[in-house]
Amino acid sequence: MKRTAFAAVSAFALMASNVAVAEPQAEVLHWWTSGGEAKSVAVLQEEFSSKGGTWTDMPVAGGGGDAAMTALRARVLSGNAPTAVQLKGPAIQEWYEEGVLADISAVADANGWADVLPESIASHMKCEGTWCAAPVNVHRIDWIWANASVLEANGITMPTTWDEFNAAADTLLAAGVIPLAHGGQAWQDATVFEAVALGVLGPDGFKKAFVDLDTDTLTSDGMVAVFDQMRKMRGYVDENFSGRDWNLATAMVMNGEAAFQIMGDWAKGEFLAAGKVPGEDFLCQSTPGDGFLYNVDSFAMFTVDGDDKKAGQDLLAELIVGQNFQKVFNLNKGSIPARIDVALDDFDSCAHTSSADMKASSEGGSLLPSYAHGMALRGAQAGAITDVVTAHFNSDMSSADAVQMLAEGVANSM
Amino acid sequence: MTKWLETHLPKMVLAPSFIAVLVFVYGFIAWTAWVSLTRSRLLPKYEIEGFIQYERLFASPRWDTAINNLFIFGALFIIIAMVLGLLLAILLDQKIRTEGMIRTIYLYPMALSMIVTGTAWKWILNPGLGIQATVRSWGFENFSFDWLVNPDFAIYTIVLAAVWQSSGFVMALFLAGLRSVDEEIIKAAQVDGIPTWRIYSAIIIPSMGPIFMSAFIVLAHLAIKSFDLVIALTGGGPGYATDLPATYMYAMAFSRGDIGQAASSAMIMMLVVFTIVVPYLYSELRAKND
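Read on for a plain summary of the structure. (Residues numbered from 1 in each chain as written. Chains lettered and ligands numbered in written order. Predicted model: local features only at pLDDT ≥ 70, side-chain atom pairs only at ≥ 80, totals over all residues. Heavy atoms only, no water.)

Some remarks on the overall build of chain B
Here comes step 1: A tally of regular secondary structure across chain B gives 13 helices and 0 strands.
Here comes step 2: Counting from the amino terminus, helix and strand elements in chain B follow one another as α-α-α-α-α-α-α-α-α-α-α-α-α.
Here comes step 3: Taking 19 Å as the expected radius of gyration for a compact globule of 290 residues, we find that chain B reaches 24 Å, considerably beyond that expectation.
Here comes step 4: Its C-alpha atoms put chain B at 80 × 75 × 30 Å along the principal axes.
Here comes step 5: Among the 290 residues that make up chain B, the fraction classed as buried is 41%.
Here comes step 6: Looking at chain B alone, contacts between residues at least 24 apart form 69% of all its contacts between residues at least 6 apart.
Here comes step 7: About 16,000 Å² of surface is accessible on chain B, with carbon and sulfur atoms providing 70% of the total. (Helix = DSSP H or I, 4+ residues; strand = E, 2+ residues; numbered from the N terminus. Rg over C-alpha atoms; globule rule 2.2 N^0.38 Å. Buried < 20%, exposed > 50% of the residue type's maximum accessible area, 1.4 Å probe, protein only. Contact = heavy atoms within 4.5 Å. Areas by Shrake-Rupley, 256 points an atom, 1.4 Å probe, with all protein chains shown as cover.)

The structure is reproduced here in structure tokens:
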């Protein structure tokens, strides 16, 4: 009894003092808990504290964010949402529709976000015209990584068309090298699938199929060709691929067991951590075809009560999109800054390629959201597509059947 | 006063747990049933829309796979675990010298969590790491044992691991049953010169009916709620070839933000449990009333 009374009094005192000075408060829910990521968040935390704010860290690891989403749901349902939550893509809009996101347009306008963020990325950060989230980074998905010495030993150059890739893979197979390092997990199957789809369908076709969910495109001959290429890819994968983690697949490329890997640019972090040099030990190039598939991590801002929390939210948003954090964070994480005016002097050559391609494709209209990483579609629709992709890749299903199932699955997920 | 207490104390003591069960079991079943009739996505909504979630569920090929897997896995797991458990129990029942030690050895898998069992079997069954690689390194280059990565056979690896985990426990159940059969009857049969296998098949096993029933109920509910073993062993893969209703429900509720779908699959899972448990309860109650 005594203790609760004491707690109540001290909580009241704490509240009173906060109201008096409106010291910025932020509770941040995220799942960046592994080495490089945790270091990156610590940078933001320090910056926030140095501006006089109090940061309450709420890391929820596990399940690629599933655990964090469960925690978030519980917090929102109990009417006590965190200040900012690591969310991305259509999930931001889904939470907005539940009526729990805040408007941070004042910060965005004051800092000129509209001028420094590519338009298609900025559109994810807006909820019906007002800014409701702050972007952290841009991961590129459609990368193909290769072991330089394996390619050289077999007289292969980086493929620029899927036919070239197939020819290179056949040469490697004959030489007894695994052509494609891959892990048989649904999201990895989907990652390869969307890189192939972007190459075969082209940026316009990709947008129609995986952003607009256009039935004609989903059932087109082009889509059959995509699944045909996936069937070929299945032959280029070793037989132990089921359930392998992506970083183990990257290690196979690193030690020369396999030649290529198709994976987002977090794979670069693995190469760099092992002391490999881009351009010498390993090569990076966009997968055959035009376009740029992005996966943008961001923090969505939830409605909070109290001036101190609102002040914290505004400060946090400002810092996240600030030059310093964008640079330091992305150096740690292997991605590139979301804002286009950050100096890239300290970044490696792959990041330079990525940044140049992002600017070019943004102007050309081929800067597209990744479906496999939850940027293009809502969970239910993206999941329905992944179900078909992974079922096709792991069985002897025909491409025509897969296309049929794709259309039915998407219709059923609405 | 004491009289009042005497009559009411039992009710008062039972009331909290009764209320807890009412709210947390039946209350939440009702809540799930309600949500399964709505179009809930990320957060639960409460406007009833009819049976749309069930239509979606039955149109989904992934759910088909999950339900088929449940029947394949459930049937094989229960039958094999019971047959193996009974066999082990009978062999142990032959008054052998190191019974205590052997019993402990067979019971040990039960002490492991399903996650550990699943991970260990994942390594044992991995073609490039486990049995296949070992036998090939002995010189049998054509030996192939790739069930884990073969979508048509992967579900049987789950049966294998689950049987390994549970048959020792079933053995212990049956052993207790065998020991509880009246020694006098067995001795009388032995005096009459009836062969041992006849004693087992005609006297001992038929008198163990209740033990069979409890073993069946325990194994059946283990099979239906199986989740961690699948996650650890195959992660539902290759593709979604080893999905079970429980993993389907988890994916819908927590990865895809499709709570309505998850609720409807939970209701179907509950119906499956009911079709097994209700006849059992009915026969139990009728036996008591007779």
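Further notes follow.
A word on the packing of aromatic side chains
Here comes step 1: Evaluated as defined, the whole model comprises 31 aromatic pairs over all chains.
Here comes step 2: On the numbers, 5.4 Å between centres and 15 degrees between planes, the contact of A:Phe210 with A:Tyr371 is stacked. Of this pair, A:Phe210 sits in helix α10 (residues 186–210) while A:Tyr371 sits in the loop between β15 (367–369) and α18 (379–393); the two residues are 161 residues apart in sequence, bridging distant segments of the chain. In terms of burial, A:Phe210 and A:Tyr371 fall into one category: buried.
Here comes step 3: Taking the centre distance of 5.4 Å and the plane angle of 0 degrees together, the rings of B:Phe73 and B:Phe77 count as stacked. Taken together, the residues B:Phe73 and B:Phe77, both in helix α3 (residues 61–92) and 4 residues apart, mark about one turn of the helix.
Here comes step 4: Judged by relative accessible area, which is 1%, B:Phe77 ranks as buried. (Phe/Tyr/Trp six-rings, centres within 6.5 Å; stacked < 30°, edge-to-face > 60°.)

Overview of the packing of α3(B) against helix α10 (residues 209–224) of chain B
Residues and elements named next belong to chain B.
Here comes step 1: Contact geometry for α3 and α10: axes closest at 9 Å, N-to-C directions at 145 degrees. Remark: the crossing between α3 and α10 carries right-handed chirality. Where α3 abuts α10, its residues Leu70, Phe73, Gly74, Phe77, Ile78, Ala81, Met82 and Leu86 lie against Phe212, Phe216, Leu219, Ala220, Leu222, Ala223 and Ile224.
Here comes step 2: Residue composition of the contact of α3 with α10, by class: 14 nonpolar, 1 polar and no charged. (Axes fitted to C-alpha atoms, helices over the stretch in contact; angles between N-to-C directions. Left-handed = near helix turned anticlockwise from the far one by under 90°. Nonpolar A, V, L, I, M, F, W, Y, C, P; charged D, E, K, R; others polar.)

A look at the sheet that holds strand β6 (residues 133–135) of chain A
Residues and elements named next belong to chain A.
Here comes step 1: A sheet is described by the order of its strands in space; here 5 strands give the open sequence β2-β1-β3-β13-β6, paired in mixed fashion. Two strands bound the open sheet, and with one partner strand each, they are β2 (54–59) and β6. Each strand of the sheet is rotated relative to its neighbour by a mean of 25 degrees, with strand direction disregarded.
Here comes step 2: The pairing of β6 with strand β13 (residues 298–301) spans 3 bridges and is classified as antiparallel. (Pairing = 2+ DSSP bridges.)

Comments concerning the nonpolar core
All names here are of chain A.
Here comes step 1: With 73 residues, the main nonpolar core has Phe193, Phe210, Met223, Met233, Phe260, Tyr371 and Ile385 as its most contacted residues.
Here comes step 2: With 11 residues, α10 is the single largest residue contributor to this core.
Here comes step 3: Those residues in contact with methionine 223 that sit more than four places away from it in its chain are Phe193, Leu201, Ala209, Phe210, Thr217, Leu218, Val403 and Leu406.
Here comes step 4: By size, the runner-up hydrophobic cluster in this structure holds 65 residues, among which are Val60, Leu101, Ile121 and Leu344. (Core = buried A, V, L, I, M, F, W, Y, C linked by side-chain atoms within 4.5 Å.)

Digging into the interface of chain A and chain B
Here comes step 1: If you look at the interface, chain A gives 25 residues, while chain B gives 29 residues.
Here comes step 2: Interface area, chain A with chain B, both sides summed: about 2,300 Å², of which 51% is carbon and sulfur.
Here comes step 3: When the buried area of chain A at its contact with chain B is split by residue, A:Arg73, A:Asp387 and A:Asn412 rank highest and sum to 24% of it.
Here comes step 4: At the junction of chain A with chain B, the criterion picks out 4 salt bridges.
Here comes step 5: Where A:Asp387 meets B:Arg62, a salt bridge forms, and the shortest distance between an N and an O atom there is 2.7 Å.
Here comes step 6: Put simply, the parts of the chain that give the side of chain A that touches chain B at least two residues each are α3 (66–77), α4 (90–97), α18 and α19 (399–412) of chain A.
Here comes step 7: Along the lines of polarity and charge, the residues of the side of chain A that touches chain B split into 8 nonpolar, 11 polar and 6 charged. (Buried area = accessible area lost by both parts, 1.4 Å probe. Salt bridge = Lys/Arg side-chain N within 4 Å of Asp/Glu carboxyl O.)

Structural notes on the state of the cysteines
Residues and elements named next belong to chain A.
Here comes step 1: Summed over the entire model, instances satisfying the criterion amount to 2 disulfides over all chains.
Here comes step 2: With a sulfur-sulfur separation of 2.0 Å, cysteine 127 is cross-linked through a disulfide to cysteine 132. On the S-S bond that ties cysteine 127 to cysteine 132, the torsion sits near 70 degrees, and the link is right-handed.
Here comes step 3: Owing to a relative accessible area of 0%, cysteine 127 belongs among the buried residues under this scheme.
Here comes step 4: For cysteine 132, a relative accessible area of 1% corresponds to the buried category.
Here comes step 5: The partner cysteine of cysteine 284 in its disulfide is cysteine 350, sulfur to sulfur 2.1 Å. Judged by the torsion about the S-S bond (-105 degrees), the cysteine 284/cysteine 350 disulfide is left-handed. (Disulfide = S-S within 2.5 Å.)

Brief notes about the environment of B:Glu141
Here comes step 1: Relative to the elements of secondary structure, B:Glu141 occurs in the loop between α6 (131–137) and α7 (154–180).
Here comes step 2: Separated by 98 residues in sequence, B:Glu141 and B:Gly239 have C-alpha atoms that sit 28 Å apart.

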